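# Structural features, examined
Listed below, chain by chain, are the residues.
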Amino acid sequence: MFNQFSRWQKIMIPVISVVLGLLVGAIVMLVSGYNPIEGYAALLSGSLGEGFYIGETIRQITPYIFAGLAVAFAFRTGLFNIGVEGQLLVGWVASVWVGLAFDLPKIIHLPMAILAGALAGALWAFVPGLLKAKLRVHEVIVTIMMNYIALHLCNYLVRYVISDGQNTTDRVPESASLKSPFFETLTEFSTMHYGIFLALAAAIIYFVVLEKTTTGFELRSVGFNQHASEYAGMNVNRNIILSMVISGAFAGLGGAMEGLGTFGYGFIHGAFSGVGFDGIAVALLGGNVALGVILAAALFGILKQGALIMPLESGVPTELVEIVIAIIIFFVASSYIIAYLLQRLKKGAK
Amino acid sequence: MKKRKYGVALSMVLAAGTVLAACGSDEADTGTDEGSTGGEGAEETSEFKVAMVTDTGGVDDKSFNQSAWEGLQQFGADNGLEEGTDGYTYFQSNNDADYVTNMNTAVRNDFNLVFGIGFLLNQAITDVASQNPDTNFALVDDVSEGDNVASITFKEHEGSFLVGVAAAMATESDQIGFVGGVESDLINKFAAGFQAGVEAVNPDAEVQIEFAGDFNDAAGGQQIAASMYGSGIDVIYHAAGGTGNGVFTEAKNLKQQDPDRQVWVIGVDRDQWEEGQVGDDNVTLTSMVKRVDVAVQDISTRAMEGDFPGGEVIEYGIQEEGIAIAESQDNLSQEMLDEIANYQQQIVDGEIEVPSTLE
């Protein structure tokens, strides 16, 4: 995304965007008759103010990291994976299914359920990858359509296959659960679970695979220029499929975190969860690098969690947070303007 | 192996704990300050505080979330409560993951009674209620177990029986349709009552029952309605939320093309008269109204008076004024109204037992 910018600019653009987003949010609050200081104070105390809120915020951040990594991975290799939402849903259902179907000791059962989630997500992303590689069908179209297939397929599976005509599945047994009684008591009964450690580990894997391995180099190279890569002797089609599969696996893991951690069961979704789509914004804001995605996911988690408390403590409606997020994305997307202003500023200083 | 895993986990936990604690202390001051002022206020006045958690529809969904919030506002006005943390408020859920968070937040803000609106909140309310035995909870539209949870259900079959009577008298083709959202025990109650009502008045009339498989698929609802009206059905009762809007759309289209044609829709949950308006005509025959607001006010009042029905399942029917025929009655003839009133009396008197399951 920011390849053409210097390292300094790459860091400054998201930071400035966030500051501007919060500023505009403050102005919107002022105009509509709320006190912005109170509003933001409520937002902060509602996301980080007490142990319980911290726990909920961390729980909220976990799937955002996975979704952000999934989008970012495809992005870095020149693909737009809009299907993270669908891959997340199939990962969710697959992990719960494995959680319910087997009776094994935790040390085998839990990793197996998590891997099932990753595998389902990978499989779901394999289809658009294959179509792109073999037939040059644009992955945006295919992934968007696959989202709807995933939504309705998962609802069908939950109702008629995993459960017996119910709206929710049974709870996964302890042996496949990511739930953490320790964290729950530590954070006064929040829904925080062990998933955050897996999310951080996934970010490290993301970094290592993409930046430190030959495969990662090839993937990025295909992202920069397919023709040059092919000329250099790389198998472009193989790399396209591989990139989608890895991206889908990250998304599926995010779903497994929801299925085995946050909820502990699967249920009929009346609509998309939205986490996958927010992942696009997280990746964009995080500049598609591992650390950036973690920070962006943290920001999203804090904003979304704080938004729930904001109306209660300051009267500011939750929708304000959506406005702030939209404006941040707007400024990140119009990064050229900020880069230009930064350059002018630098020259002025000299 | 297991020991080593614990070791790693423990060190991670300790590290996280330190970090979390450090994060917390900065903000904790403001948090506790606000918390304590709220607490003092509550102690001074020792007022009853009540909150509701919406499902993802939100308080402006024109359906049961909105109805519940109207009930809560009325309750607040009647008892001189203020909107906010010291009186009554609502928590909007933007996402399925927000249910538990909002429930817990309500408990933490010392609300005495917390409503969960809709069966989607069943798991969340069951979990949170078991962790917080000192707070009272109430779940609308589903049954949750727990001594501190009151389950509020409605006798939708009774109201559906009454609109079935209206449908049976309005139909000219003796063919009547029912469009359900998702096949479930809840929606089957609507279908069963409706069928019984039609049969009581007009045994020759046939009721065709279809499910859209979705509560938010207006296009799907329109398709089903089109094929039903096309096959000679002239009255459709929908119990399908947003999907039902498609039924209205199709009926209005047909009415617009041919104003003399008889097409009726029977609305659900609230008075859907406005939905049926097409020019000077209106295709809404009547609506089966489910008074979530009445139930919310009733339970709140009982809880405030120390008579909270924890662990009980409370059914609101015609007698409890939780179920009724809509107030917009311009399309019902006097004859129909008399007949409906007649059956209503019989149901209240217990002379008619309306079935709540199909077959």
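Residues numbered from 1 in each chain as written. Chains lettered and ligands numbered in written order. Predicted model: local features only at pLDDT ≥ 70, side-chain atom pairs only at ≥ 80, totals over all residues.

## Digging into the overall build of chain A
A count of helical and extended segments in chain A gives 15 helices and zero strands. Scaling as 2.2 N^0.38, a compact globule of 350 residues should have a C-alpha radius of gyration of about 20 Å, and chain A matches this with 21 Å. Each principal axis of the C-alpha atoms in chain A carries an extent, and together these give about 65 × 60 × 30 Å. Expressed as a percentage of its 350 residues, the buried residues of chain A come to 57%. Pairs at least 24 apart in sequence give 79% of the contacts found in chain A among residues at least 6 apart. (Helix = DSSP H or I, 4+ residues; strand = E, 2+ residues; numbered from the N terminus. Rg over C-alpha atoms; globule rule 2.2 N^0.38 Å. Buried ≥ 20, exposed ≤ 12 C-beta atoms within 10 Å, placed from the backbone. Contact = placed C-beta atoms within 7 Å.)

## Quick look at helix H9 (residues 214-224) of chain A
Residues and elements named next belong to chain A. Considered for burial, the residues of H9 that qualify are Glu 218, Leu 219 and Val 222. For H9, the angular spread of the buried residues around the axis is 100 degrees, confining them to a single face. On the buried face of H9, the contacting elements are helix H8 (195-212), helix H10 (226-231) and helix H11 (236-262). (Arc of directions from axis to C-beta.)

## A short note on the sheet that holds strand S4 (residues 136-140) of chain B
Within a beta sheet, neighbouring strands are joined by backbone hydrogen bonds and run either parallel or antiparallel to one another. Residue and element names in this part refer to chain B. Spatially, the six strands line up as an open sheet ordered S2-S1-S3-S4-S5-S13, and their pairing is parallel. Each edge of the open sheet carries a strand with a single partner, namely strand S2 (88-91) and strand S13 (313-316). For this sheet the average axis-to-axis angle between neighbouring strands, irrespective of direction, equals 20 degrees. Summarising the sheet, strand S1 (residues 50-53) and S2 pair through four bridges and their orientation is parallel. The partner of Val 53 across the bridge, within S2, is Phe 91. Most of the contacts of helix H4 (residues 122-131) go to S4, to which it runs at about 165 degrees, and overall it touches strand S3 (113-117), S4 and strand S5 (149-154). (Pairing = 2+ DSSP bridges. Axes fitted to C-alpha atoms, helices over the stretch in contact; angles between N-to-C directions.)

## Some words on the UniProt feature "domain: ABC transporter substrate-binding protein PnrA-like" (unreviewed entry) in chain B
The feature "domain: ABC transporter substrate-binding protein PnrA-like" (unreviewed entry), as annotated in UniProt, sits at residues 49-356 of chain B in this numbering. Secondary structure content for residues 49-356 of chain B is 41% helix and 21% strand, while the C-alpha to C-alpha distance between its ends is 35 Å. (UniProt positions renumbered as here; feature names shortened; annotations may be inferred.)

## Comments concerning the interface of chain A and chain B
Counting from both sides, the interface comprises 28 residues of chain A and, opposite them, 33 residues of chain B. Elements supplying a minimum of two residues to the side of chain A that touches chain B: helix H2 (36-48), helix H3 (51-76), helix H7 (181-186) and helix H13 (290-314) of chain A. Partitioned by chemical class, the residues of the side of chain A that touches chain B number 14 nonpolar, 11 polar and three charged. (Nonpolar A, V, L, I, M, F, W, Y, C, P; charged D, E, K, R; others polar.)

## A closer look at H2(A)
Compared with the 18 Å implied by 1.5 Å per residue over 13 residues, the 18 Å span of H2(A) between its first and last C-alpha is a close match. Taken together, the buried positions of H2(A) are occupied by A:Gly39, A:Tyr40, A:Ala42, A:Leu43, A:Ser45, A:Gly46, A:Ser47 and A:Leu48. (Expected span 1.5 Å × (residues − 1).)

## Quick notes on the UniProt feature "transmembrane region" (unreviewed entry) in chain A
The feature "transmembrane region" (unreviewed entry), as annotated in UniProt, sits at residues 12-37, 57-75, 82-102, 108-127, 191-209, 240-268, 280-303 and 323-342 of chain A in this numbering. Summarising residues 323-342 of chain A: 95% helix, 0% strand, and an end-to-end C-alpha distance of 25 Å.

## Regarding the environment of B:Glu321
Along the chain, B:Glu321 falls in the loop between S13 and strand S14 (323-325). Once the C-alpha coordinates of B:Glu321 and B:Gln74 are considered, the two residues, 247 residues apart in sequence, prove to be 16 Å apart.

## Concerning the sheet that holds strand S9 (residues 264-269) of chain B
All names here are of chain B. An order of S7-S6-S8-S9-S12-S14 is seen for the six strands of this open sheet, with the pairing classed as mixed. Here the strands that pair on one side only, and so sit at the sheet edges, are strand S7 (206-211) and S14. Taken over all neighbouring pairs, the strand axes of this sheet differ in orientation by 15 degrees on average, direction set aside. By the bridge criterion, three bridges tie strand S12 (residues 284-290) to S14 in an arrangement that is antiparallel. For Lys 290, the partnering residue across the bridge sits in S14 and is Ile 323. In this fold helix H7 (residues 218-230) packs onto strand S6 (175-180), S7 and strand S8 (235-239), with an angle of close to 170 degrees to the strand it touches most, S6.

## Looking at unusual backbone geometry
You will see that B:Asp141, though not glycine, has its phi angle at about 85 degrees, which is positive. Looking at where B:Asp141 falls in the secondary structure, it is placed in the loop between S4 and S5.

## Observations regarding the environment of A:Met257
All names here are of chain A. Tracing the sequence through the fold places Met 257 in helix H11. For the pair formed by Met 257 and Val 324, sequence separation is 67 residues and the distance between their alpha carbons is 27 Å. Setting aside chain neighbours within four positions, we find Met 257 in contact with Thr 62, Pro 63, Phe 66, Leu 178, Gly 195, Leu 198 and Thr 262.

## Section: the pairing of S6(B)
Residues and elements named next belong to chain B. A large share of S6 lies buried, amounting to five of its six residues. Alignment of S6 against S7, held across six bridges, turns out to be parallel. In the sheet register, Gly 177 faces S7, and the bridge partner there is Gln 208. Viewed along the sheet, the connection from S6 through helix H6 (residues 185-201) into S7 turns out right-handed. (Right-handed = clockwise from strand over helix to strand, strands pointing away.)

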